[in-house]
Amino acid sequence: MPSPLFDRVDRVPYAGPGSEDPFAYRHYDPDRQVAGKSLRDHLRFAVCYWHNFVFLGQDMFGADTFERPWVGREGMEAARFKATTAFELIEKLGAPYFTFHDRDIAPEGDTLRETNRPLDERGAVLAGEMQRTGVKLLWGTANLFSHPRYAAGAATNPDPEVFAYAAAQVKKAMEVTHGLGGENYVLWGGREGYDTLLNTDLRQETEQFGRFLHLVVEHKHKIGFGGTLLIEPKPMEPTKHQYDADAAAVHAFLRRFGLEREIALNIEVNHATLAGKSFVHELAYAVANDLLGSIDVNRGDPQNGWDTDQFPNSAEEMTLAFVEILRGGGLGTGGCNFDAKLRRQSIDPHDLLHAHIGGGDTLARGLVQAAALLEEGRVEAFRRERYARWEESLGREILAGRKSLDDLSALVLDTDLEPQPVSGRQEMLENLVNRVC
Ligand code: XLS
Ligand code: NI
Ligand code: NI
């Protein structure tokens, strides 16, 4: 039956780089094998519910611009309409996964009980769509930032009753995610931070946050949820400072609370740049500390500084990202979530297809080019060679803790040690990247 929303497209095919069809993939060939796996299995890309089916084009200066057929309808009818349209898009794109917040599928009722009931009902609608299409859930999450009760934070709120409410909400969201076979559960601390230190007890709020995450971990094990728990770092927006500022800040926090084996990271391109870092830096940090879980692939705009959540379109940025991801052994239970939204003027629903097709192609190019670079081997060989002397006796003894400052001082003084600088060859390495991009 033709769809009211995406009727110009049946199914997005892979048509190859020469194709001029705007509704075909030119690089995302899901069955293509790269570095031992298909593109589908490497990328595991996911369509998000919120930006695609909740966001209607509004910005802080203006009203909705998108017309969506469920707007104005009420209750279950609207939920079903929205869900079938969402899964129609996901299916037409051939995306294996989706992601959602609890409040994307069911609004807040007057009490938590009245919120949870429709959440279950609408969760069942999603389950039906998943069954019908074979689409799976990459992750679920709780919206702990929209309701006014969370204005001063959820777990880090000065009021323990708000902490309790957030705990109850996360318990439910995690159980719904588990029920839908979710492969991960994400915690994004939307308002876990401060607007002014004048009213904020940082030590107190940090303790609260640590306790909250322990409760989440305990409950995960209690209900037998086998997915990965993920924290999504972001330095600011909506608050001035968020405690999950970047990968290193979250790492320190997890270590402090003994949670580094329980929780991994969901790294977002746009959050990395907001933190004054690059996406590839955040990935490299996560990989180096065994914390890489999943990625949100929406980017910012270099001309303005906020979370614009645009679809990825830089194959070079993704190439460098996938170099780190492949070095780290891939995304595991994670995937590539398009936490990205259309521009306000993109009012044709088919723009959702263009957006995801371009994003999928950008990821595919990045992955293929990264695999080519690693396989070609010169960058990897150079990097290995650069550290090779740490495999020799002095390097090994230092790292094994068998040399003191006295020993090392004696070595330098007694042998007149004179280490010779060598070139880091940055430009040569950049040229090797440009050969594949
Ligand atoms: C906001 C975050 C959010 C999370 C899910 O900036 O990216 O969309 O991914 O709560
Ligand atoms: Ni974001
Ligand atoms: Ni995100």
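Each chain carries its own residue numbering, running from 1 in the direction its sequence is written. To read the labels, note that chains go from A and ligands from 1, taken in the order they are written. Totals for whole chains, interfaces and linings use all residues, but because this is a predicted model, local features are given only for residues with pLDDT of at least 70 and pairs of side-chain atoms are given and counted only at 80 or more. Side-chain figures throughout are based on the complete set of non-hydrogen atoms in the structure, without hydrogens or water.

### Details of the confidence of the model for the protein
- Put simply, the protein has an average pLDDT of 97, and 99% of its residues get 70 or more.
- Per-residue confidence from the prediction method is given by pLDDT, with values spanning 0 to 100. Helix and strand labels come from DSSP, where a helix needs a run of H or I of at least four residues and a strand needs a run of E of at least two; each type is numbered from the N terminus. Within the protein, strand β6 (residues 184–187) carries the highest mean pLDDT (99), whereas helix α3 (residues 75–93) carries the lowest (95).

### Re a nonpolar patch on the surface
- There is a patch of nonpolar side chains on the surface, built from Y387, W390 and L399 and spanning about 370 Å² of accessible area.
- Structurally, L399 is set in helix α14 (residues 393–399). Each patch groups residues whose relative accessible area exceeds 30% and which form no salt bridge, using 9 Å between like charges and 5 Å between nonpolar side chains of Val, Leu, Ile, Met, Phe, Trp and Tyr. Each accessible area is a Shrake-Rupley result for a 1.4 Å probe, and residues are judged covered by the shown protein chains and nothing else. For salt bridges, the criterion is a side-chain nitrogen of Lys or Arg within 4 Å of an Asp or Glu carboxyl oxygen.

### Some details on the sheet that holds strand β8 (residues 228–231)
- Taken together, eight strands build a closed barrel; the order of strands is β3-β4-β5-β6-β8-β10-β11-β12 and the barrel is parallel. With direction set aside, neighbouring strand axes in the sheet form an average angle of 30 degrees.
- For two strands to count as paired, DSSP must find a minimum of two bridges between them. Bridge count for strand β5 (residues 136–141) against β6 is three bridges, and the pairing is parallel. Counterpart to G140 in the pairing with β6 is Y185.
- We call two residues contacting when some pair of their heavy atoms lies within 4.5 Å. Geometry is summarised by axes, namely lines fitted to C-alpha atoms with helices restricted to the contacting stretch, and by angles between N-to-C directions that run from 0 to 180 degrees. Running over the sheet, helix α10 (residues 279–288) touches β10 (263–268) and β11 (292–296) and is turned about 165 degrees from β10.

### As for the site of ligand 1
- Neighbouring ligand 1 are W50, H101, W139, W188, E232, K234, E268, H271, D296, D307 and D339.
- Distance and chemistry together define a polar contact, namely a pair of N or O atoms within 3.5 Å, with one atom able to donate a hydrogen and the other to accept it when in protein, and with adjacent residues in sequence counting only for side-chain atoms on both sides. The separation between an oxygen atom of ligand 1 and a polar side-chain atom of K234 is 2.9 Å.
- When isolated, ligand 1 has an accessible area of 290 Å², and the protein chains bury 94% of it.
- Gly is put with the polar residues, along with every residue not named as nonpolar or charged; the nonpolar set is Ala, Val, Leu, Ile, Met, Phe, Trp, Tyr, Cys and Pro, and the charged set is Asp, Glu, Lys and Arg. Classifying every residue of the shell around ligand 1 by side-chain character gives three nonpolar, two polar and six charged. By convention in this text, a residue qualifies as near a molecule or strand provided that one of its non-hydrogen atoms is within 4 Å of it.

### A word on the coordination of the nickel ion (ligand 2)
- Within the protein, E268 (OE), H271 (NE2) and D307 (OD) serve as the donor atoms for the nickel ion (ligand 2), at 2.0 to 2.6 Å.
- For Na, K and Ca the donor cut-off is 3.2 Å, and for all other metals it is 2.8 Å, counting N, O and S atoms only; because water is absent from this set, sites may look incomplete. All donor residues of the nickel ion (ligand 2) come from one chain, and their arrangement in sequence is E-x2-H-x35-D.
- Taken as a pair, the nickel ion (ligand 2) and the nickel ion (ligand 3) show a spacing of 3.8 Å, with E268 coordinating each metal.
- A relative accessible area of 1% means that E268 is categorised as buried. The rule is simple: take the accessible area with a 1.4 Å probe, protein chains only, and divide by the maximum for that residue type; under 20% is buried, over 50% is exposed, in between is partly exposed.

### A few points about the environment of L138
- Looking at the element boundaries, L138 is found in strand β5.
- Distance from L138 to N337, taken between C-alpha atoms, is 8.2 Å for residues 199 residues apart in sequence.

### Some remarks on the pairing of β8
- Examined bridge by bridge, β6 and β8 share four bridges and lie parallel to one another. In the sheet register, V186 faces β8, and the bridge partner there is L230.
- Two elements, β8 and β10, share three bridges in a ladder whose sense is parallel. Its bridge partner being in β10, L229 is matched across the sheet by I263.

### Here we look at the coordination of the nickel ion (ligand 3)
- Taken together, the protein ligands of the nickel ion (ligand 3) are E232 (OE), E268 (OE), D296 (OD) and D339 (OD), with distances of 2.0 to 2.1 Å.
- Metal-centred angles of 79 to 176 degrees between the six donor atoms at the nickel ion (ligand 3) mark the site as octahedral.
- The sequence pattern describing where the donors of the nickel ion (ligand 3) fall on their chain is E-x35-E-x27-D-x42-D. Think of it this way: with four donors and all angles in the 85 to 135 degree range, the site is tetrahedral; with four or six donors, opposite ones beyond 155 degrees and the rest between 65 and 115, it is square planar or octahedral; otherwise it is irregular.

### Description of the packing of α10 against helix α11 (residues 315–327)
- Where α10 contacts α11, the axes come no closer than 9 Å and their chain directions differ by 5 degrees. Classified by the angle between their axes, α10 and α11 sit roughly parallel to one another. Where α10 approaches α11, its residues F279, V280, L283, A284 and V287 are matched on the opposing element by E317, M318, L320, A321, E324 and I325.
- Residues of the contact of α10 with α11, tallied by class, amount to nine nonpolar, no polar and two charged. Small angles under 35 degrees read as roughly parallel and large ones over 145 as roughly antiparallel, with 65 to 115 read as roughly perpendicular and the rest as oblique.

### Thoughts on the packing of α11 against helix α12 (residues 351–376)
- Between α11 and α12, the least distance of the axes is 7 Å, while the angle of their chain directions is 55 degrees. Comparing their axes, α12 and α11 come out oblique. Crossing handedness for the pair α11 and α12: right-handed. Residues A315, M318, T319, F322, V323, L326 and R327 of α11 pack against T362, L363, R365, G366, L367, Q369, A370, A371, L373 and L374 of α12.
- Split by residue class, the contact of α11 with α12 holds 11 nonpolar, four polar and two charged. Rotating anticlockwise by less than a right angle from the far helix to the near helix defines a left-handed crossing, while the corresponding clockwise rotation defines a right-handed one.

### Observations regarding the environment of L373
- Looking at the element boundaries, L373 is found in helix α12.
- Excluding residues that lie within four positions of it along the chain, L373 makes contacts with V323, V379, L432, V433 and V436.

### Things to note about α12
- Along its 26 residues, α12 runs 37 Å from first to last C-alpha, staying within 8% of the 38 Å computed at 1.5 Å per residue.
- At the exit of α12 stands G377, carrying a positive phi of roughly 90 degrees. Under the convention used throughout, the expected extent of a helix is 1.5 Å for every residue step, that is, one less than its residue count.

### Observations concerning the side chain of R44
- Within the secondary structure, R44 is located in the loop between α1 (39–43) and β3 (45–48).
- Assessed through its relative accessible area of 14%, R44 is described here as buried.
- A polar contact of 2.7 Å, which involves the side chain of R44, links it to the side chain of E183.

### Considerations on the pairing of β6
- Both faces of β6 are covered, namely the face carrying N184 and V186 and the face carrying Y185 and L187.
- As for the winding sense of the linkage, the β-α-β connection from β5 through helix α6 (residues 160–179) to β6 is right-handed. When the strands point away from the viewer, a crossover counts as right-handed if the path from the first strand over the helix to the second runs clockwise.

### Let's talk about the nonpolar core
- Membership of the largest hydrophobic core comes to 115 residues, with the highest contact counts inside it found for Y49, F98 and I295.
- The element that contributes the greatest number of residues to this core is α12, accounting for 11 residues.
- In this structure, F98 is in contact with A46, V47, Y49, F87, I90, L126, M130, V135, K136, L137, L138 and W139, ignoring residues within four places of it in sequence. To form a nonpolar core, buried Ala, Val, Leu, Ile, Met, Phe, Trp, Tyr and Cys residues must be joined to one another through side-chain atoms within 4.5 Å.

### Things to note about the packing of aromatic side chains
- In this scheme Phe, Tyr and Trp rings, the latter by its six-membered ring, pair at centre separations within 6.5 Å, and the angle between planes marks the pair as stacked below 30 degrees, edge-to-face above 60, and tilted otherwise. The full count for this structure, using the stated rule, is 17 aromatic pairs.
- Where F98 meets F100, the ring centres are 5.9 Å apart and the plane angle is 25 degrees; that geometry is what we call stacked. There is no split in this pair, since F98 and F100 are both buried.
- Put simply, the rings of Y49, F53, W70, F81, F87, F98 and F100 pair up and form one aromatic cluster.
- When the ring centre of Y165 is taken as origin, the NZ or CZ atom of R149, which lies over that ring, is 3.7 Å away.
- Its guanidinium or amino end placed over the ring of F55, K341 lies 5.1 Å from that ring's centre, counting from NZ or CZ. In this scheme, Lys NZ or Arg CZ marks a charge over a ring once it lies within 6 Å of the ring centre and within 35 degrees of the ring normal.

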